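Architecture at a glance
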Amino acid sequence: MEDLNNQSYDEFTLNFKLEEDVPIDQFEMTMYNYEFVGNRTKCTCVAIDGVRALQFKVPATLPLEQFLRKQLYKGEFLSILSNILNQLIYFSENNMPLNKLLLNIHYMYIELSTLDIQLLYMPVNKKFADCNVTEFIQEFISKVRFANMSSVECVDQILKYLDSKLMFNLEEFYQFILSMEQKSIMEDEGKQKMVDEPVVQATSENYSNPVPYLVRIKTNELIPILHKEFMVGKSVNCDYQILDNKKVSRKHAIFRISNGECYVRDNASTNHTFINGQLIQPGVEIMLTNDDNIRMGDEEFKYWVR
């Protein structure tokens, strides 16, 4: 979709050109137009000079990109991040793909009185690029200027948490940020101790680490992907070896974990690799989602994250 805006921030009306053959997903449009987690933006399908477009009415004070020119204190930063994560959970729980969100601070808006964030979502039936939430968080953090060492230490703790996780879990990370936010509020109020019990500082040890698996359909074998690079094939050098299928190449495919997501690429195999029936080109990485079907030659697997 093409951005039709002149970037005039007086009314915060944004229009995105919509191809004529792209249908609106009415369920997603309805769910997005409900007020949720501080997001009060409305989306409609309109015609502008005969051009079909998605129009967003954004009730906010400032583009987030402009707001981030100022230095942020820890409480402000955590409030903004938790608001964004809470909205991502809303979309996820309502089966609205996160890759339809414009996860870019250029298209995010903030209400200064509440620090509520307005996210834009494209409720259309169209293929979008993969979405890596961890990469977005890291990119978001890189754009922030922090006001003091307390804020910098907070960010360091978040980055260590992300780095400690083989796989990213949105709910767990949101709870981690909420616990940091609660601790920050207590510190700001000057409360050094709880009356009944001490404050437990949130660390990565408080949360389980989700593990990605391959389920081999023929044998129902559960294969944990325990390394950041995990090779499958007939070779003894593979992390998982398949000896009973001639259609599988020696080093057929490589699974790679990066920023909390799992990707697969075909390693120039003879009989190719397919994701949900679609051929993937050798050397091209495809991000996997839960329950994806993976076929190497005629050997089938299901991708599963507990």
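Residues numbered from 1 in each chain as written. Predicted model: local features only at pLDDT ≥ 70, side-chain atom pairs only at ≥ 80, totals over all residues. Heavy atoms only, no water.

1. Points about the sheet that holds strand E15 (residues 261-266)
Taken in spatial order, the five strands make up an open sheet running E13-E12-E14-E15-E18, and their pairing is mixed. Taken across any chain shown, the strands that pair with only one partner, and hence form the sheet edges, are strand E13 (240-241) and strand E18 (286-287). In this sheet, E13 lies alongside strand E12 (residues 229-233) in parallel orientation, the contact comprising two bridges. The residue of E13 that forms the bridge with Val 232 is Tyr 240. (Pairing = 2+ DSSP bridges. Helix = DSSP H or I, 4+ residues; strand = E, 2+ residues; numbered from the N terminus.)

2. Thoughts on the pairing of strand E19 (residues 293-296)
The alternating pattern of E19 places Ile 294 and Met 296 on a buried face, while none of Asn 293 and Arg 295, on the opposite face, is buried. The pairing of strand E16 (residues 273-275) with E19 spans three bridges and is classified as antiparallel. Residue pairing for E19: Phe 274 is matched across the bridge by Arg 295. Connecting E19 to the antiparallel partner strand E20 (residues 299-305) that follows it, the hairpin turn spans two residues, and Gly 297 within it adopts a positive phi of roughly 65°. (Buried < 20%, exposed > 50% of the residue type's maximum accessible area, 1.4 Å probe, protein only.)

3. Considerations on helix H5 (residues 149-164)
Over its 16 residues, H5 runs 22 Å from end to end, which matches the ideal 22 Å to within 8%, given 1.5 Å per residue. Turning to H5, its buried residues number three or more, namely Ser 151, Cys 154, Val 155, Ile 158, Tyr 161 and Leu 162. On an axial view of H5, the arc spanned by its buried residues comes to 115°, and they lie on one face. Along H5, the residues that are exposed and aim more than 90 degrees away from the buried face are Met 149, Lys 160 and Asp 163. (Expected span 1.5 Å × (residues − 1). Arc of directions from axis to C-beta.)

4. Some details on the pattern of salt bridges
One pass over the structure, following the stated rule, counts 14 salt bridges. One salt bridge connects Lys 100 with Glu 28, and the closest N-O pair in it is separated by 3.0 Å. Of the two residues, Lys 100 is situated in the loop between helix H3 (74-93) and strand E7 (109-111) and Glu 28 in helix H1 (residues 26-33); the sequence distance between them amounts to 72 residues. Assigned by exposure class, Lys 100 and Glu 28 land together as buried. In this structure, Lys 218 engages Asp 244 in a salt bridge whose closest nitrogen and oxygen atoms are separated by 3.9 Å. Taken together, the positions of Lys 218 in the loop between strand E10 (212-216) and strand E11 (221-224) and Asp 244 in the loop between E13 and strand E14 (253-258) put the pair 26 residues apart, joining distant regions of the chain. Counted as one network, the salt bridges with shared partners bring together Arg 216, Lys 218, Asp 244 and Glu 299. (Salt bridge = Lys/Arg side-chain N within 4 Å of Asp/Glu carboxyl O.)

5. Here we look at the nonpolar core
Core analysis: the largest hydrophobic core is formed by 68 residues, its most contacted members being Phe 77, Ile 158 and Phe 173. Residue contributions to this core peak at ten residues, all from H3. Listed in part, the 22 residues of the second largest apolar core include Tyr 240, Ile 242, Val 248 and Ala 253. (Core = buried A, V, L, I, M, F, W, Y, C linked by side-chain atoms within 4.5 Å.)

6. Things to note about the packing of H3 against helix H4 (residues 133-143)
In a packed pair of helices, the relevant descriptors are the angle between the two axes and the axis-to-axis distance. At a minimum axis separation of 12 Å, H3 and H4 run at an interaxial angle of 160°. The pairing of H3 with H4 is recorded here as roughly antiparallel in orientation. Note on packing geometry: the crossing formed by H3 with H4 is right-handed. Residues Phe 77, Ile 80, Leu 81, Ile 84, Leu 85 and Leu 88 of H3 form the contact with H4, whose own contacting residues are Val 133, Phe 136, Ile 137, Phe 140 and Ile 141. Taken together, the residues of the contact of H3 with H4 break down into eleven nonpolar, no polar and no charged. (Axes fitted to C-alpha atoms, helices over the stretch in contact; angles between N-to-C directions. Parallel < 35°, antiparallel > 145°, perpendicular 65-115°, else oblique. Left-handed = near helix turned anticlockwise from the far one by under 90°. Contact = heavy atoms within 4.5 Å. Nonpolar A, V, L, I, M, F, W, Y, C, P; charged D, E, K, R; others polar.)

7. Some points on the side chain of Asn 132
Its place among the elements puts Asn 132 in the loop between strand E8 (116-118) and H4. Looking at Asn 132, the relative accessible area reads 9%, which means it is buried. Only 3.1 Å separates the side chain of Asn 132 from the backbone nitrogen of Glu 135, close enough to count as a polar contact. Non-local contacts of Asn 132, meaning those with residues more than four positions away in its chain, are made with Ser 258, Asn 259, Glu 261 and Tyr 263. (Polar contact = N/O pair within 3.5 Å; in protein donor to acceptor, adjacent residues only side chain to side chain.)

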